[in-house]
Every structure is written in structure tokens, then in C-alpha cells.
Amino acid sequence: MKYWLMKSEPDTYSIDDLEREGVNMWEGCRNYTVRNFFRDQFQIGDRALFYHSNAEPSGIVGEMEVVSLAYPDPTQFDPASDYFDPKSPREIPRWLAVDVRFRRRYPRIIPLAEIRTIPELGAMGVVQRGQRLSVMPVTPEEMRIIRALVGLPAED
DNA sequence: GCCAACGTTGGC
DNA sequence: GCCAACGTTGGC
């Protein structure tokens, strides 16, 4: 099982939305590194931290579970979508999506400012200057530390 | 709202 | 295939 961190602006899609809906298609990623993570590394059962970006405060707000393998993101073919990509060939879709399921909301937000104070979390992409990937891997040790911050066991 | 960082695009 | 211009991300 792999661990991930996935960012969303809560004004666009928040953990409240995911908690209400249960399962959601994580669509609209238009970055090749993220596309390759989806294609090559995402597995059903992987866990992901839900991170609110451009938020007050920005930080980790809960966890979700990957419940599908990657599949072509339908929004790339939808002219009405903000994510429409007219250059993506239908036969070889350029962009992928995965389905995620709500697992838990943390009892409190873990703000980015707090993550920055923990030396063992210094390698996380989310604390690194200029790191803008919306999906990035998290190590088991980082996951353990983050869960401990909110009183959860390392395994669940 | 500002702006640094960096991925992507496109001219050549 | 280089690289400048442009657009986007996202913290502050």
C-alpha cells in the first residue's frame, strides 16, 4: 500500500464535499508527473492525505482511500468543462483520473505552518519551496508522524 | 493581491 | 532541441 498527498482548493472541492458524497472522481489534473503517478503507481487501497490548498489555513484535513485504478479523465473531452483539452487524442487520452473514497476527517486541521516545524517532515513536497505538484508521494514514516499528530495509530 | 517558482508552449 | 514568453500554482 502506498501513501499520497492530494491537494484541492476547498472553494473548488473540500473534504466536506467528499464526506457528503462518499466517493469522488479526482479529475482535472493537467500535469504529466501527476498523470504518471496515476498511471504507474496508484493502486486500489492506497491511502491519501487530503490537503486544502489556498485555504485559511492551508493544511491536511483528513484521509481518503483510492478505490479505482487510473482511467481516462472524461473532462478532457468535454468542451463545456474547465478542464477541456482539445489537443488530447481520444484514442490515446492524455489525462487520467482516479476515484477516491472518504475515510476520515482529522479532529483538527494540521496547518502547513505546523508541518514546517517538524524536522522529520522536511522532505515532504508540500513544505518545499516552489513544489507545486497537486499529487505527491508520502513515505510510511511521514504518514506515521502525521497520524500521531492527531492521535491516530500508525496503522488503521 | 502580490509574486516566486516552475511547467508548458511555440517560434526558430 | 533551445529557450523566452506565458500561464498556473499556491503561500503569504
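Residues numbered from 1 in each chain as written. Chains lettered and ligands numbered in written order. Predicted model: local features only at pLDDT ≥ 70, side-chain atom pairs only at ≥ 80, totals over all residues. Heavy atoms only, no water.

Asks: Can you tell me about the protein's contact with DNA strand B, naming the residues and giving the values?
Replies: In the neighbourhood of DNA strand B, the contacting residues comprise Asn31, Tyr32, Lys87, Arg129, Gly130 and Arg132. Counting only the atoms of DNA strand B within 4 Å of the protein, the fraction contributed by sugar and phosphate is 81%. (Near = heavy atom within 4 Å.)

Asks: An account of helix 2 (residues 32-40) is needed here, citing residue identities and associated values.
Replies: For helix 2, every residue scored as buried is listed here: Val34, Arg35, Phe37 and Phe38. The arc that holds every buried residue of helix 2, seen down its axis, measures 160°, which confines them to one face. The inward-facing, buried residues of helix 2 abut strand 1 (3-8), strand 2 (23-26), strand 6 (96-111) and strand 7 (135-138). N-capping of helix 2 is provided by Asn31, with a side-chain oxygen placed 2.9 Å from the backbone N of Thr33. (Buried < 20%, exposed > 50% of the residue type's maximum accessible area, 1.4 Å probe, protein only. Helix = DSSP H or I, 4+ residues; strand = E, 2+ residues; numbered from the N terminus. Arc of directions from axis to C-beta. Contact = heavy atoms within 4.5 Å. Polar contact = N/O pair within 3.5 Å; in protein donor to acceptor, adjacent residues only side chain to side chain.)

Asks: So, the protein's contact with DNA strand C: which residues are in play, and what are the values?
Replies: As a structural note, the neighbourhood of DNA strand C is formed by Lys7, Tyr51, Ser53, Asn54, Ser58, Leu112, Arg116, Arg132 and Leu133. Among the atoms of DNA strand C lying within 4 Å of the protein, the sugar-phosphate backbone contributes 65%. Between Ser58 and DNA strand C, the recorded distance is 2.8 Å, taken from a side-chain N or O atom to a phosphate oxygen. Within the side chain of Arg116, one N or O atom sits 3.4 Å away from a phosphate oxygen of DNA strand C.

Asks: Describe the nonpolar core, naming the residues involved and giving the relevant values.
Replies: With 42 residues, the main nonpolar core has Leu5, Met6, Trp26, Phe38, Phe42, Ile60 and Val135 as its most contacted residues. By residue number, the principal contributor to this core is strand 6, which donates six residues. Ignoring any residue separated from it by four or fewer positions in sequence, one finds Trp26 in contact with Met6, Lys7, Ser8, Phe38, Phe50, Met64, Ala97, Val98 and Val100. (Core = buried A, V, L, I, M, F, W, Y, C linked by side-chain atoms within 4.5 Å.)

Asks: Explain the environment of Thr117 residue by residue, including any values.
Replies: Along the chain, Thr117 turns up in the loop between helix 3 (112-116) and strand 7. Note on Thr117: relative accessible area 58%, which makes it exposed. From its side chain, Thr117 meets the backbone oxygen of Glu114 in a polar contact 2.6 Å long.

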